[in-house]
Amino acid sequence: EACVRSGALEVEPHDFSIGHRGACMQFPEHTLESYRAAIAQGAGIVECDVAVTADGELVCRHSQCDLHTTTNILATSLASKCSQAFAPYNSSGTGEAASATCCTSDITLAEFKTLCGKMDGADGMAATVEEYMAGTASWRTDLYSTCGTLVSHAESISLIKSHGR
């Protein structure tokens, strides 16, 4: 109780504390919520990996082609724009894992902004899109994974600067 009253537990931002993709173990990576959490937790540096959309806009993504594992794109009409459509696990014959490839460059910024961020993951044994998208690794949490707000590079800069980072 004395520590709480003294302010000793106040979080001070420090450059040795880096919010890589925000607070991506708690919130969907590269989302507004993830960046805000990293700032609140004392990250002195909040980092945005950059990818480009079909209309040449810069957005925050870990990889150019990660939308199929980090967003709900496969559950939307935008799935038809993915570089590789969802293919279910092949349980007979080859045993080929379920897969899809959806790239930021497959869609425009306006389309990108309609998606929901989710915890990174996919189930290679999935027979359906829903099963595939529910493949969050056991060492991550879906507790705060409720339609994370995707951000453009410009939005991330504005947010980070507004918090003095």
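Here the structure is shown first, and the text comes after it.
Residue numbers here run from 1 along each chain, matching the order of that chain's written sequence. pLDDT decides what is reported in this predicted model: residues at 70 or higher carry local features, side-chain atom pairs at 80 or more are listed and counted, and totals for whole chains, interfaces and linings draw on all residues regardless. Side-chain calculation: all heavy atoms of the structure are included, whereas hydrogens and water are not.

Here we come to a nonpolar patch on the surface. Taken together, Val50, Val52 and Leu58 make up a surface patch of nonpolar side chains, about 210 Å² in accessible area. Assignment of secondary structure puts leucine 58 in strand 4 (residues 58-60). Per-residue accessibility, obtained with a 1.4 Å probe over protein chains only, is compared with the maximum for each type, and a residue is labelled buried under 20%, exposed over 50%, and partly exposed between these values. In this structure leucine 58 comes out as partly exposed when scored by relative accessible area, which is 41%. Within this analysis, patches are made of residues with over 30% relative accessible area and no salt bridge. Like charges are joined at 9 Å or less; nonpolar side chains (Val, Leu, Ile, Met, Phe, Trp, Tyr) at 5 Å or less. In these tables, accessible area is a Shrake-Rupley quantity obtained with a 1.4 Å probe, and a residue counts as shielded only by the protein chains included in the view. Here a salt bridge means any side-chain nitrogen of Lys or Arg lying within 4 Å of a carboxyl oxygen belonging to Asp or Glu. Runs of E in the DSSP output that reach at least two residues are strands. Runs of H or I that reach at least four are helices, and both are numbered from the N terminus.

Here the focus is the environment of threonine 149. Relative to the assigned elements, threonine 149 resides in strand 8 (residues 148-149). Every residue pair with non-hydrogen atoms within 4.5 Å of one another is taken to be in contact. With residues near it in sequence (within four places) discarded, threonine 149 still touches His30, Thr31, Leu32 and Glu33.

Time to look at the packing of aromatic side chains. The pairing test for Phe, Tyr and Trp rings, Trp by its six-membered ring, is centres within 6.5 Å, and the orientation test on the planes gives stacked under 30 degrees, edge-to-face over 60, and tilted for anything in between. On inspection of all chains with the given rule, the structure shows 2 aromatic pairs. A ring pair is formed by phenylalanine 27 and tyrosine 144, whose centres lie 4.8 Å apart and whose planes are at 20°; its orientation type is stacked. Of this pair, phenylalanine 27 sits in the loop between strand 1 (14-20) and helix 2 (32-40) while tyrosine 144 sits in the loop between helix 5 (129-133) and strand 8; the two residues are 117 residues apart in sequence, bridging distant segments of the chain. Phenylalanine 27 gets classed as buried once you look at its relative accessible area, which sits at 16%. Residue tyrosine 144 is classed as partly exposed on the basis of its relative accessible area of 40%.

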